[in-house]
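Structural overview
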Amino acid sequence: MNSYNPVPLTHTLDSEQQGQHNSSQSSRNEVLASGRFQQKRERDLHPLSVMVLAIWTSYIVATIFLLEQAAIAAPRSVDQLWILNVLPNIMLTFFAQGHISVTTLHLSRVGVSAIQQESTAPHSWAELFWLADHSWSGPIGFASVVITMIKLKIRASLTFFIFAFTCMVALATPVILSHAYPVGPVDVTVNTTITPNTFSLNEMRNIDVGIQMGIGIGSWATGLSVLDIYNTSTFTPEGSSGEVPNDFFFAGNILDSNATLPGLRLQGSCEPFSNEASTAVEKNTTLFQEFCVNSLSTFWGVKTQNVGVGPDHVFITFSYCTDAAHFINYINDTDSMAYIFLQTDNGTANTSGMIKCQSLLSFGSASLSGTQGIYNSFRDLDYNDSQAQTAAIIRNPLESTLSSLTSEMGPITPSDSNSDNGCGEDESMLLKQLGYNSTAIDAGHFDYVQPDLEIFASRIWLGVTHMTAGLGLLSRSSDTAYPAVVRHATSGRTRSGQFVVGSRVLLALWMSGLIYVSIRSYRLSIDSRLGSYVAARLHAEDTREYAGDEPLWDSGSHSGELSGDDRLNRPFVSESGIEK
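Cut-offs used in this document
Residues numbered from 1 in each chain as written. Predicted model: local features only at pLDDT ≥ 70, side-chain atom pairs only at ≥ 80, totals over all residues. Heavy atoms only, no water. pLDDT = per-residue confidence, 0-100. Contact = heavy atoms within 4.5 Å. Helix = DSSP H or I, 4+ residues; strand = E, 2+ residues; numbered from the N terminus. Phe/Tyr/Trp six-rings, centres within 6.5 Å; stacked < 30°, edge-to-face > 60°. Buried < 20%, exposed > 50% of the residue type's maximum accessible area, 1.4 Å probe, protein only. Expected span 1.5 Å × (residues − 1). Bend = angle between axes of the 7 residues up to and from the residue. Polar contact = N/O pair within 3.5 Å; in protein donor to acceptor, adjacent residues only side chain to side chain. Disulfide = S-S within 2.5 Å. Axes fitted to C-alpha atoms, helices over the stretch in contact; angles between N-to-C directions. Parallel < 35°, antiparallel > 145°, perpendicular 65-115°, else oblique. Left-handed = near helix turned anticlockwise from the far one by under 90°. Core = buried A, V, L, I, M, F, W, Y, C linked by side-chain atoms within 4.5 Å.

**Here we look at the confidence of the model for the chain**
Any region with low pLDDT has predicted coordinates that should not be read closely. Counting all residues, the mean pLDDT for the chain is 78, and 77% of those residues have values of 70 or more. Throughout residues 410-423 the model reports pLDDT below 50, and contacts reaching past four residues in sequence, or to other chains, amount to 30 contacts.

**Here's the deal with the side chain of Ser-233**
Along the chain, the position of Ser-233 falls in the loop between α10 (226-229) and β3 (234-237). Beyond its immediate chain neighbours, meaning those up to four positions away, Ser-233 contacts Phe-249, Phe-250, Ala-251, Gly-252, Asn-253 and Arg-476.

**So, the environment of Ala-535**
Relative to the elements of secondary structure, Ala-535 occurs in helix α18 (residues 532-547). Taking the C-alpha atoms as reference points, Ala-535 and Trp-125, 410 residues apart in sequence, are found 8.6 Å from one another. Ala-535 has contacts with Trp-125, Leu-128, Phe-129 and Ala-132, leaving out every residue within four places of it along the chain.

**Quick look at the packing of aromatic side chains**
Evaluation of the coordinates by the stated rule reveals 18 aromatic pairs. Between Phe-288 and Phe-341 the ring centres are 6.2 Å apart and the planes differ by 35 degrees, which places this aromatic pair in the tilted class. With Phe-288 in helix α12 (residues 288-295) and Phe-341 in strand β8 (residues 334-345), the pair connects residues that are 53 residues apart, well separated along the chain. Each member of the pair Phe-288 and Phe-341 is classed as buried. Within the aromatic cluster, the residues linked to one another by ring pairs are Phe-273, Phe-288, Phe-291, Tyr-339 and Phe-341.

**Examining helix α7 (residues 158-180)**
Between its first and last C-alpha, α7 extends 32 Å over 23 residues, near the 33 Å set by a 1.5 Å rise per residue. Along α7, the sharpest change in direction is near 30 degrees and occurs at Thr-173; proline Pro-174 comes one to four residues later.

**Side note on helix α16 (residues 453-473)**
Along its 21 residues, α16 runs 30 Å from first to last C-alpha, staying within 8% of the 30 Å computed at 1.5 Å per residue. Among the 21 residues in α16, 17 count as buried, and that is most of the element. The N-terminus of α16 is capped by Asp-452, whose side-chain oxygen sits 3.3 Å from the backbone nitrogen of Glu-454.

**So, the state of the cysteines**
As enumerated under the stated definition, the model contains 2 disulfides in all. Sulfur-sulfur distance for the disulfide between Cys-270 and Cys-357 comes to 2.0 Å. On the S-S bond that ties Cys-270 to Cys-357, the torsion sits near 120 degrees, and the link is right-handed. Of the two residues, Cys-270 sits in strand β5 (residues 257-273) while Cys-357 sits in strand β9 (residues 350-369), which places them 87 residues apart along the sequence. According to the relative accessible area criterion, Cys-270 is buried, its value standing at 5%.

**Quick notes on the packing of helix α2 (residues 48-73) against helix α4 (residues 87-114)**
A pair of packed helices can be characterised by two numbers: the angle between their axes and the separation between those axes. At a minimum axis distance of 10 Å, the contact between α2 and α4 shows a crossing angle of 155 degrees. Comparing their axes, α4 and α2 come out roughly antiparallel. Between α2 and α4 lies a crossing of left-handed hand.

**A few points about the nonpolar core**
Counting residues in each nonpolar core, the largest one holds 45 residues, and the members touching the most others are Trp-136, Tyr-181, Trp-510 and Leu-530. Looking at this core, the elements that each hand over two or more residues are α2, α4, α5 (125-132), α6 (139-152), α7, α17 (497-521) and α18. With 9 residues, α7 is the single largest residue contributor to this core. Filtering out sequence-adjacent residues up to four positions away, Trp-510 remains in contact with Leu-53, Trp-56, Thr-57, Ile-60, His-99, Thr-103, Thr-166, Val-169 and Ala-170. If you look at the next biggest cluster of nonpolar residues, it comprises 33 residues, including Phe-248, Tyr-448, Ala-457 and Leu-462.

**A closer look at unusual backbone geometry**
With a phi close to 60 degrees, His-134 is a non-glycine residue in the positive phi region. Within the element layout of this structure, His-134 appears in the loop between α5 and α6. For His-134, a relative accessible area of 17% translates into the label buried. A positive phi angle is found at Leu-255, which is not glycine, with a value near 55 degrees. Assignment of secondary structure puts Leu-255 in the loop between β4 (247-250) and β5. With relative accessibility at 60%, the residue Leu-255 sits in the exposed group.

Quick look at the structure:
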């Protein structure tokens with residue numbers, strides 16, 4: 001440490017004072033020369049802070065282990081054990097209170113060793129008191145010291161800055177650790193058994209074709225998607241979009257659970273179609289049959305209807321051909337294709353063109369999510385119609401959709417409609433199925449908005465989806481139990497990856513700082529901690545040595561320890577002279 005530099009005397013001494021001063025100076029020189037104040041201070045290991053630090057490190061490891069276990073167990077059970085629910089909160093509270101205290105305790109112990117070594121000792125008496133006052137243990141104290149250093153142009157040692165950095169890390173760690181394992185909403189999965197009203201192969205074998213057609217036509221006429229009408233029984237692939245699904249799985253209502261159920265899957269679409277051959281058909285409709293023969297692998301003929309609907313005569317010419325059989329003998333990737341040639345006129349606008357439809361009907365099982373309404377992991381299952389128990393075998397959804405249009409339009413002619421005020425029930429249903437929107441002009445007369453070819457195509461595909469859903473609806477049964485996973489919303493420990501990494505980094509920096517200063521400075525010391533009393537006595541001792549007075553301690557005393565000064569045990573005397 002730097003020696004104390006006295007302020008030189010500036011006033012004049014008389015001969016007597018000069019003699020006393022010379023005598024005092026001579027006495028001081030004799031004392032210094034004899035080594036009287038080069039006291040042999042007793043030193044000890046003082047290992048308490050190291051033991052506390054070891055225990056505290058074990059406490060930190062136990063806390064993080066409990067937090068990790070709580071985060072792992074939270075999604076597994078609604079009722080958490082006390083050791084995983086309450087104890088982590090208590091341990092985090094103690095961690096927040098004790099982390100900086102344990103850090104300060106050990107750094108203070110290292111500090112009292114640091115002042116004994118030239119390489120780690122403070123650069124000035126001011127820094128000694130900063131170390132003793134623990135100005136490095138908090139941001140406010142550290143900031144005030146930095147300001148003072150700048151003003152007084154005092155340079156602090158590396159020890160001071162390492163102490164300050166380690167404490168700043170210790171202060172930030174509890175905050176980051178609490179954010180690493182926050183309490184938040186958690187979905188708890190519970191294994192259970194459900195008996196949903198869902199698809200059954202035995203029920204499908206008993207379906208009446210007339211009812212199948214009736215349910216499909218009725219729901220189609222609403223203009224709503226199967227996702228709207230059968231929203232709890234219809235599942236789509238993850239990430240799918242669109243009001244009318246091109247891929248869906250129809251099963252049963254599983255509420256908020258996850259389960260694997262059997263059901264029907266429909267894939268496909270109806271889109272406007274145009275190529276050189278279709279353009280030729282538009283110019284000469286007699287070529288449509290030739291086009292169908294050349295385009296379909298199996299040709300069952302062409303069905304055509306020419307009708308006028310309503311007193312305002314919406315004229316519709318509808319022709320189609322398909323390779324789909326009327327009835328399904330085997331539901332296992334039943335792939336069907338159809339071409340529709342359409343000509344319509346509402347008196348003010350007309351639409352004509354060709355539409356291509358493709359559908360793939362499959363029977364199988366899929367993993368379903370009731371909360372998200374999605375399915376995945378579809379697997380084909382065998383269904384052979386030869387096991388059917390009735391003569392009425394189920395109809396292909398694509399074929400039944402197109403067949404229902406021609407059967408509805410067949411009995412209706414313009415002459416029949418002229419006698420009506422408005423459309424009949426069948427006519428209204430037909431127009432609604434094909435996407436016509438109407439506005440009332442006066443009693444019995446409506447203005448029908450002419451759809452374009454894309455709307456016609458989407459409405460025909462809508463019919464195919466409803467025919468499939470009607471088939472699945474009539475095949476429901478609740479006789480079979482299925483294993484399921486039910487999710488319950490609760491609160492529990494969660495794991496925030498970024499904050500977990502941050503807390504690990506801070507703890508590594510904290511431990512590295514403590515290990516570094518311990519290796520660098522931890523030695524036998526004159527006291528168990530560097531406090532203001534140690535600094536004050538060292539400074540007083542230095543001052544007394546310069547003044548030439550008697551030292552404050554005998555040579556055998558422990559410099560800096562309260563037990564080494566017997567005068568501190570005397571009663572306190574205030575300025576009034578009254579003992580307290």
